[in-house]
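# Structural features, examined
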Amino acid sequence: MVQSLLALAPTLLVLAFFLLGPFNWSRHKSWARAVTCVFVAAIALRYLIWRFTETVLPYPTDGANFYWVWFVFIAEFLAFSEVVLFLILMSRYVDRSSEADDLERKFFAGNERELPAVDVFIPTYNEPLDVLERTIVGALALDHPKDKLKVYVLDDGRRDWLKTFCEGRGAIHVTRSDNAHAKAGNMNNGLRASSGDFIAVFDADFVPYRSFLRRTLPFFLDETIGIVQTPQHFFNVDPIQSNLGLENLWPDEQRLFFDEIAPSRDGWDVSFCCGSCSIARRKAVDAIGGFPTESITEDLLTTLSMLNRGFKTRYLNERLSMGLAAENLTGYFVQRERWCQGGIQTLYLHNGPLRGPGLSLFQRVMFLPMSWLVQYLVRFIVLLIPIVYLWFGALPLYFTDVADYVSNQVPLLAAYFLLMFWLTPTRYLPLVSTAVGTFSTFRMLPTVLSSLVRPFGKPFKVTPKGSSNEENSFDAYTFTWIAGFIVVTALGLLINIVPETARIEGSFSAIAALWSGINIVVLIIASLICFEKPRRLLQAFKLDEAVKVDGVEVRLVSLSLDKAVVAVSTETRFKSTKVGLNIEGFAPLEADLKQVTQRRGDITRTGDKQRYYLHLHYDLRGAERDKMIVKLYTGRYSRDVPDIDKIAVSVNLLLRAFGRTRTA
């Protein structure tokens, strides 16, 4: 009993520290972050010392298991190194919104004629019109003097219909004779065709808010700033949210980086350009010889090349654009494999973190692609360890007793999870985050290994988006790996439960059984992501505005480029399915009433009148459609995920996971 209490003491200390300290502090204060991260680092160091001195060095040097023990420890050491870098990074936080307010007043205080000229680059290859039109119209609507703003549509697809569309809107259509160096080469061609003082870059599927330039340009009053990056937000759900059924419960996967990690990187002056939704000083781009073409992630390499020349990247954590997240798993992996390969490529380049001139040691370390190199290897080994033990009896460490394990590893896990809960209260949940990482491992680990061996072996691939990207499929490759690991782990448990077939004995078997059970739960949840759900091409925004239908005032609750949903009382009647919809700022729209619904859990009462919903479809063309694009996509509306109920999400996932398992 006494030994058990002593074993739990370090974990209780961790709980006490967080309850008395961080959970009462502001997570945006750098001093609070520094104290908390130092505490967690100390817990991690304590664990690593125990692992090395008590569970690795004492292991007998004879036998193949000796090499397995060292292999596992080296992987853990790499994970420890990544965690330490993460703790250092997250120990600072900066919010530049107040600074942007002050700079905006100063920057725009003078004559409009003195404002700099801005070129907007929209690089495109094969995106359809339903994607491109939003970006082009939104860029033309930017709040900047029209004689100082030019929008360049850089078309590597050389499409006549796009040229016609650009000419009709006042954008400049630019092509070239070949597609050499992909996106970077396309933008370098744009540099030759343009002359503005600053270059804003938006991928073909990202629409800038009208205020984008007013919020970002003022940072360039500091001559050392080469790039200002803003976060990427989305008006659709990504495939992880959709396939897990968490569309309205869980934020998109990239929120952790853009909302939490990027502001911390900025606090250390190691922000980097993410390509889209950024703006660069032309002098800085010219100083590095244009956008670098050596890597398929030209954005990251642009940052490193500018750092070589003394220019910095700033990060403004404000929603100043909206775009399309990857719409299915094919696009999801095309995107992430490109990021992974591009990050690893920088290790081999003259302007990368290892060899680039002008970088400090701290900058070199912080630009190493540690996350790509380590996370998938570690996740794979975590899945493998109980299997190797259950089937072959190979211990991953020199094991003493359960109390020793509880005293050293449990405090580390508790400290890390509590840290993430505190730093990212609505962006992290162990069950979901681990399942997503596990799902990605089976695709991404081969990419990591192939990129290390042959970093420049794969060409640039555009992430498929829009109506030309209709694929909805089942990820059989990943599911086969996941199912295989579930079966092998479960059979290993079953074999060792039966005394006649048991291959293992000793107190570590209890830990192995628990470890295996957790792995199986995580793998089952990960398997849900493999089942693609049909996606909606129509992106609608929730709102609450007064409009009129055939002269009757109703509430507009949802709006898209092709459809409006209005709430009316049950007493309201319309004589025809052809109705007139009056939205402020628009000519009366002729709409077809195609559906009448009531929403479960969303039926409200105004006095004694229940609401129901009319689904009105219309077809906007020309200037009216452009006005609707500006209304919907340039800053007035957004898609927000509310604060989550972590317990509800976990229960929902477990019920869905085991429900699918029973019906499989």
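This text follows the structure it describes.
To keep things clear, this report deals only with the structure shown in the data block. (Residues numbered from 1 in each chain as written. Predicted model: local features only at pLDDT ≥ 70, side-chain atom pairs only at ≥ 80, totals over all residues. Heavy atoms only, no water.)

To continue, consider the overall build of the chain. What the chain contains, in helices and strands, is 21 helices and 16 strands. Taken over C-alpha atoms, the radius of gyration comes to 27 Å for the chain, in line with the 26 Å a tight globule of 664 residues would show. Taken along the three principal axes of its C-alpha coordinates, the chain extends 80 × 65 × 50 Å. Split into buried and exposed, the 664 residues of the chain put 54% on the buried side. (Helix = DSSP H or I, 4+ residues; strand = E, 2+ residues; numbered from the N terminus. Rg over C-alpha atoms; globule rule 2.2 N^0.38 Å. Buried < 20%, exposed > 50% of the residue type's maximum accessible area, 1.4 Å probe, protein only.)

What follows concerns the side chain of R159. Mapped onto the elements, R159 comes out in the loop between β2 (149–155) and α6 (160–169). On the accessibility criterion, R159 (12% relative accessible area) is buried. Within the structure, the side chain of R159 is placed 2.8 Å from the side chain of T124, a separation counted as a polar contact. There is a polar contact of 2.8 Å between the side chain of R159 and the backbone oxygen of E127. Look past the residues within four positions of R159 in its chain and what remains in contact with it is T124, Y125, N126, E127, L132 and H173. (Polar contact = N/O pair within 3.5 Å; in protein donor to acceptor, adjacent residues only side chain to side chain. Contact = heavy atoms within 4.5 Å.)

As a further point, take unusual backbone geometry. You will see that D269, though not glycine, has its phi angle at about 60 degrees, which is positive. By secondary structure assignment, the location of D269 is in the loop between α10 (255–267) and β7 (278–281). At D550, a position not held by glycine, the phi torsion is positive, near 50 degrees. Within the secondary structure, D550 sits in the loop between β10 (541–549) and β11 (552–559).

Here helix α17 (residues 430–453) crosses helix α18 (residues 476–497) at 115 degrees, and the two axes come no closer than 9 Å. With respect to α18, the axis of α17 lies roughly perpendicular. The way α17 lies across α18 gives a crossing that is right-handed. In this structure, α17 uses F439, F442, R443 and P446 to contact α18, whose residues at the interface are Y477, T478, W481, I482 and F485. Of the residues assigned to the contact of α17 with α18, the class counts are seven nonpolar, one polar and one charged. (Axes fitted to C-alpha atoms, helices over the stretch in contact; angles between N-to-C directions. Parallel < 35°, antiparallel > 145°, perpendicular 65-115°, else oblique. Left-handed = near helix turned anticlockwise from the far one by under 90°. Nonpolar A, V, L, I, M, F, W, Y, C, P; charged D, E, K, R; others polar.)

Further remarks concern helix α5 (residues 129–140). Given a rise of 1.5 Å per residue, twelve residues ought to cover 16 Å, and the 16 Å separating the end C-alpha atoms of α5 matches this to within 8%. Of all twelve residues making up α5, nine are buried, and the element is well covered by its neighbours. Looking at the packing, one finds that the buried side of α5 touches β1 (118–124), β2, α6, β5 (207–208) and α20 (622–633). (Expected span 1.5 Å × (residues − 1).)

Looking now at the sheet that holds strand β6 (residues 225–229). The seven strands are arranged β3-β2-β1-β4-β7-β6-β8 in an open sheet whose pairing can be described as mixed. Of all strands in the sheet, those with a lone pairing partner are β3 (172–174) and β8 (312–315), marking the two edges. Across this sheet, the average inter-strand angle for adjacent strands is 25 degrees, counted without regard to direction. Where β2 and β3 come together, three bridges link them in parallel fashion. Bridge pairing in β3 places V153 opposite H173. (Pairing = 2+ DSSP bridges.)

Two faces belong to every sheet, and in a regular strand the side chains alternate between them. Where burial is concerned, most of β2 is hidden: six out of the seven residues are buried. Direction of pairing for β1 relative to β2: parallel, over a ladder of seven bridges. From the neighbouring strand, F121 faces β2, where its bridge partner is Y152. In the classification by handedness, the crossover that spans β1, the intervening α5 and the parallel β2 is right-handed. Considered for its hand, the β-α-β crossover made up of β2, α6 and β3 is right-handed. (Right-handed = clockwise from strand over helix to strand, strands pointing away.)

In this section: empty space enclosed by the protein. Rolled over the atoms, a probe sized like a water molecule indicates the empty space that remains. With the rule as written, the count across this model stands at two cavities of 30 Å³ or more. Quantified by volume, the largest cavity comes out at close to 80 Å³. Looking at the largest cavity, the residues that line it are M187, V201, I227, C273, G275, S278, I279, A280, F291, E298, D299 and T302. Elements represented by at least two residues in the lining of the largest cavity include exactly β7 and α12 (298–308). The class makeup of the residues in the lining of the largest cavity is seven nonpolar, three polar and two charged. Here the second largest cavity defines a volume of roughly 50 Å³. Contributing to the lining of the second largest cavity are Q229, F257, A262, R265, S271, F272, C274 and Y315. Per-element accounting of the lining of the second largest cavity gives the leading share, three residues, to α10. (1 Å grid on protein atoms, 1.4 Å probe; cavity = no way out; pocket = protein on both sides within 12 Å on 5 of 7 lines; lining within 4 Å. Points joined across faces, edges and corners; volume = space filled by probe spheres on them.)

Turning next to the environment of T297. The residue T297 is located in the loop between α11 (282–287) and α12 in this model. Sequence spacing of T297 and R338 is 41 residues, and the spatial spacing of their C-alpha atoms is 7.2 Å. Ignoring sequence-local partners within four residues, the contact set of T297 consists of R338, W339, G342 and G343. A polar side-chain atom of T297 sits 3.4 Å from the main-chain carbonyl oxygen of G342.

What follows deals with the state of the cysteines. Summed over all chains, the structure comprises zero disulfides. Summary of cysteine pairing: C166 is not part of a disulfide, and the nearest cysteine sulfur, belonging to C277, is at 19 Å. No disulfide involves C530; its nearest neighbouring cysteine sulfur is the one of C340, lying 19 Å away. (Disulfide = S-S within 2.5 Å.)

Turning to the packing of aromatic side chains, a few remarks are in order. Within this structure, the stated rule accounts for 45 aromatic pairs. Between F17 and W25 the ring centres are 6.4 Å apart and the planes differ by 90 degrees, which places this aromatic pair in the edge-to-face class. Residue classification places W25 among the partly exposed residues on the basis of a relative accessible area of 26%. Aromatic ring contacts, followed pair by pair, group F17, F18, F23, W25, W31 and F39 into a single cluster. Its guanidinium or amino end placed over the ring of W268, R92 lies 3.7 Å from that ring's centre, counting from NZ or CZ. Over the ring of F586 we find K627, and its NZ or CZ is 5.1 Å from the ring centre. (Phe/Tyr/Trp six-rings, centres within 6.5 Å; stacked < 30°, edge-to-face > 60°. Lys NZ or Arg CZ within 6 Å of the ring centre and 35° of its normal.)

Right, let's get into the pattern of salt bridges. Within the structure shown, the criterion is met by 31 salt bridges. For D101, the salt bridge is made with R215, and the minimal N-O distance between the two is 2.8 Å. On the criterion of sequence distance, the pair formed by D101 in helix α4 (residues 97–107) and R215 in helix α8 (residues 212–216) is long-range, its members being 114 residues apart. Where R255 meets D252, a salt bridge forms, and the shortest distance between an N and an O atom there is 3.1 Å. With respect to burial, R255 and D252 carry one shared label: buried. (Salt bridge = Lys/Arg side-chain N within 4 Å of Asp/Glu carboxyl O.)

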